[in-house]
Amino acid sequence: MTSREPKPRTARATRYLTLALASLLVLAPTVASAYIGPGAGFAFAGSLFMVIAALGLAFLIILLWPITTLWRLIRVGNPFRNASATRVVIVGLDGMDPGLATRFMQEGRLPNFQRLAERGVFRPLDTSNPSLSPIAWSTFSTGTDPSRHGIYDFITRDPCTCAPMLSSTEIRDAKKVLNIGRYMIPLEKPKIRLLRKGTPFWKLLGDKHIHSIIQRVPITFPPEPFRGLLLSGMCVPDLRGSQGTFSFFSTASGDAGQAAFTGGEQTVLRRNKQGVIRSRIVGPDNSLEKGHPRLTLPFSLIEGRDRRSARLEIDGCEPIELELQRYSAWVTLTFNAGLGIRISGIVRFYLMSLDPDVNLYMTPIHIDPENPAMPISHPKIYSVYLAKKQGPFATLGLAEDTWALNERVIDEKAFFDQAMLICDEREQMFFDALEHRRQGLVTTVFDTTDRIQHMFYRYLDPTHPANRDKESSAYAGAIARTYERMDGMVGKLLDRVGDDPDTVLIVMSDHGFTNFRRGVNLNTWLRDEGYLVLKDGATTGGDWFENVDWTRTRAFSLGLTGVFINRKGRERSGIVEEGDAYVTLIAEMMRKLEALVDPETGQRCIRKVRSAIASADGPYRYDAPDLLIGYEGGYRNSWECATGAVTPEVFSDNTKSWSGDHCVDPEIVPGVLFCNRALTLERPHIADISTSVMRLFGQQPGRHMQGRMIFADEGTPATVAGPLDPASLAQSGSAPGALVHREPVVERREAANA
């Protein structure tokens, strides 16, 4: 069960064979390769079968490699014959802000970003509307707006029930089962479906025999088959089927049993007569057994005499020595589901304290990349290869445990250390991809910049409500340190790429950042304005629309991006008629929302409200929130609004560690674009990246893609080069170091079809 148990010789030989085959898969040029809300779900099949199938596929590919290579040369020829670049390297730094980047560059903290800007260009990159990671990265992948790829938030509502559902992924157990005693034997595969629409540009490149390695780009779970390698990113669930459920074990006084946190669970520990602490780790539901009981693993914790360490003994494992305030290595947990089925996951432990109370934190249980219970890569053996080469690594889509810090289960040190460990893993796999892909596309997304800014933004604002009752100086430099950490990685990248004229290097982010001081509960505002009606006698309601009277409710809010109209014919209990009634209601609410003033500050909290149907023409615009709310900097949907609750007051201070955000008007939070080539456009958009990469490789963009070519073709003069003038950046809506953005912005020209 530990990650490094001794293995018998046969198992070791199988391991080396697997590693060799995985290496051939990567080297062979013809290989086809919470926030807030519910989990994706979890449905496992025999993971041993998956590995065996992957090995069989590897053998078949190796045997057919000479034939397929010859056939490709005859039928396709050189896929790069019309290319102006034979390799494109894209580094995604989620959430990197152009204002902060400029500030740190001016302070001399980012010499390698400065070097890249001077070699090519640095510009703000206009983001998607709404400006959330799953939406922006889906726009990056497909080259389309949300009305065409269908992702508008992390979660949406089921129109048949108004219950929350994950926007990106659907996971269901097998429906056909054979009942044998207490077991239910599946007779078909579970259903795991990606809900994002559209075709990612790396698949289009693969169809032209230009191969890619794609690592941790959000909204790629489950992985789609294409000619290349892919490791899934944001929205990969943990082994319990959630978007990340941590465990906290403590001897602190309280009722024995479990207590719930947002994003996790606490188990109260008790010592036995011998002074040993015994408890259990809760794993996934056992879908093979009737009633789906939870799988568990017993453990014992023995405190060290020095009071600075402890020994953790999980049944069947070698003892794990835990040091105070230091993460363990990844530990493999193996749950026995019966019938010979074993489910593997990996965790890290963090011993927070031993005196006066024992406090032990365990990360969510990540899917084991070496023995995945669900597909997290394409081909399936790619994650196995990475795990064999660099050891276990984080696979959870939202790997940095923001909720554990929000709930103050862990402190800033524990969170920062965890984020840096994950960043180290990501960098290692990125440079492995760079080494093995000398032609084609390499794309890796780093989450570190986003997560650190979310959780440490309060340090940039001494008056932030989240600083109350928290220290506000120890990690004042965390964001700058993170930018410096990524600058070091960019320096290594520049040294390896050098002045290669055939390699285009792009460092980009999906959006920028701003302050999040005040939450706005739109459901409460809708109640006060008579658009949302509660059941008789109720003045407030809990999560997921508790107490809402749907027969009298015309509008409601769920998630982070907007307001849904309770439309007749779309929602199960819809009451708003289509046509004039709908249009009139939309216009009335837009006018009122844009005039909404925070009584504490006397300022408008919403910059612009957009109608999803009027602002886009794609086929999935009818699935969107009807009103997309573009908040001013400093504001966002409150935590309660995001889960469909109705609170007494509309406005509330944000006192959580999650103190920075980007769920505001997209004009306020553009991303960054660094590139070693000059641009032809002053204001590129994230949808332009995929179109431009297709054209760099000499290929026509997909007919569905909406972006423009931003790089100069031969014979076309470049109009944008060099680093960005800070005065120009201030006009973009992301001034250096700004905490609450209220500057005028330059409207982006609408993207034309390339």
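Above this text is the structure in question.
I will try to describe carefully the structure that is included in this document. Small disclaimer: the values here were computed from a predicted structure and weren't measured.

On to the side chain of R426. Its place among the elements puts R426 in helix α10 (residues 412-436). The class of R426 is buried, set by a relative accessible area of 3%. If we ignore the near neighbours within four places in the chain, the residues touching R426 are R216, T444, V445, F446 and D447.

Glancing now at the pairing of strand β6 (residues 177-180). Bridge analysis of β6 against strand β7 (residues 183-186) gives four bridges, and the strand direction is antiparallel. Bridge assignment links L178 to a residue of β7, and that residue is I185. Between β6 and β7, which pair antiparallel in sequence order, lie two residues; one of them, G181, sits at a positive phi of approximately 60 degrees.

Our next topic: a nonpolar patch on the surface. A cluster of nonpolar residues, L178, I180 and L187, forms a patch on the protein surface that exposes about 290 Å² of accessible area. Relative to the elements of secondary structure, I180 occurs in strand β6. On the basis of relative accessible area, I180 is assigned to the partly exposed category, the value being 48%.

Within the largest apolar cluster, 91 residues are counted, with the highest numbers of intra-cluster contacts made by I281, I314 and F349. Sorting elements by how many residues they give to this core places helix α14 (residues 580-594) first, with five residues. Apart from the residues within four sequence positions on either side, I281 is in contact with F249, L295, T296, L297, F299, I314, L333, F335, F349, M362 and I365. Counting residues in each nonpolar core, the second largest holds 71 residues, with Y382, F415, A419 and I452 among its members.

The contact between helix α4 (residues 111-119) and helix α12 (residues 478-497) brings their axes to 7 Å, and the two run at 50 degrees. Here α4 is positioned oblique relative to α12, judged by the angle of their axes. Mapping the contact onto sequence places P111, N112, F113, R115, L116 and R119 in α4 and Y483, M486, D487, G488, V490, G491, L494 and D495 in α12. Looking at the contact of α4 with α12, its residues break down into seven nonpolar, three polar and four charged.

Using the criterion set out here, one finds 28 aromatic pairs in the structure. Its guanidinium or amino end placed over the ring of Y582, R567 lies 4.2 Å from that ring's centre, counting from NZ or CZ. When the ring centre of W639 is taken as reference, the NZ or CZ atom of R636 above it lies at 4.3 Å.

You can see R109 is positioned in the loop between α3 (98-106) and α4. Along the primary structure R109 and E484 are separated by 375 residues, whereas in three dimensions their C-alpha atoms are 6.4 Å apart. Contact partners of R109, with chain neighbours within four places excluded, come to F104, A480, E484 and D487. Within the local environment of R109, its side chain forms a polar contact with the side chain of E107, the two groups lying 3.2 Å apart.

With that out of the way, let us pick up α4. Of the residues making up α4, those classed as buried are N112, F113, L116 and A117. Viewed end-on, α4 has its buried residues packed into an arc of 140 degrees, placing them on one side of the element. In this structure, the buried side of α4 is in contact with β1 (87-93), α3, β2 (121-125), α12, β25 (503-508) and β36 (671-675).

A separate point is the sheet that holds strand β17 (residues 320-323). In space, the four strands of this open sheet follow the order β14-β15-β16-β17, with antiparallel pairing throughout. Edge positions in the sheet fall to β14 (277-285) and β17, since each of these pairs with one other strand and no more. Across the sheet, the mean angle from the axis of one strand to that of its neighbour is 30 degrees, orientation sign disregarded. As judged from the seven bridges shared by β14 and strand β15 (residues 294-303), these two strands associate in the antiparallel manner. Paired with R278 across the two strands is S300, which belongs to β15.

Of note, the amide linkage connecting N129 to P130 takes the cis form, showing an omega dihedral of 5 degrees. For P130, the position within the fold is in the loop between β2 and α5 (133-142). With omega at -10 degrees, the peptide bond leading from H378 into P379 counts as cis. Tracing the sequence through the fold places P379 in the loop between β23 (377-378) and α8 (381-390). Despite not being glycine, Q325 has its phi angle at roughly 55 degrees, a positive value.

The next subject is the environment of G559. Following the sequence through the fold, G559 ends up in the loop between β27 (555-557) and β28 (562-565). Given the relative accessible area of 3%, G559 is considered buried. Residues G559 and Y152 lie 407 residues apart in sequence; the distance between their C-alpha atoms is 9.5 Å. Non-local contacts of G559, meaning those with residues more than four positions away in its chain, are made with D153, I155, N637, C641 and A642.

In the contact formed by α3 and α12, the axes pass within 11 Å of each other and the chain directions differ by 80 degrees. The angle between α3 and α12 places the two elements in the roughly perpendicular class. Together, L100, A101 and F104 of α3 and I479, A480 and Y483 of α12 make up the contact between the two elements. The class makeup of the residues in the contact of α3 with α12 is six nonpolar, no polar and no charged.

What counts, and where the lines are drawn
- Residues numbered from 1 in each chain as written.
- Predicted model: local features only at pLDDT ≥ 70, side-chain atom pairs only at ≥ 80, totals over all residues.
- Heavy atoms only, no water.
- Helix = DSSP H or I, 4+ residues; strand = E, 2+ residues; numbered from the N terminus.
- Buried < 20%, exposed > 50% of the residue type's maximum accessible area, 1.4 Å probe, protein only.
- Contact = heavy atoms within 4.5 Å.
- Pairing = 2+ DSSP bridges.
- Patch = residues over 30% accessible without salt bridge, like charges linked within 9 Å, V, L, I, M, F, W, Y side chains within 5 Å.
- Areas by Shrake-Rupley, 256 points an atom, 1.4 Å probe, with all protein chains shown as cover.
- Salt bridge = Lys/Arg side-chain N within 4 Å of Asp/Glu carboxyl O.
- Core = buried A, V, L, I, M, F, W, Y, C linked by side-chain atoms within 4.5 Å.
- Axes fitted to C-alpha atoms, helices over the stretch in contact; angles between N-to-C directions.
- Parallel < 35°, antiparallel > 145°, perpendicular 65-115°, else oblique.
- Nonpolar A, V, L, I, M, F, W, Y, C, P; charged D, E, K, R; others polar.
- Phe/Tyr/Trp six-rings, centres within 6.5 Å; stacked < 30°, edge-to-face > 60°.
- Lys NZ or Arg CZ within 6 Å of the ring centre and 35° of its normal.
- Polar contact = N/O pair within 3.5 Å; in protein donor to acceptor, adjacent residues only side chain to side chain.
- Arc of directions from axis to C-beta.

Any functional reading would require information beyond the geometric quantities listed.
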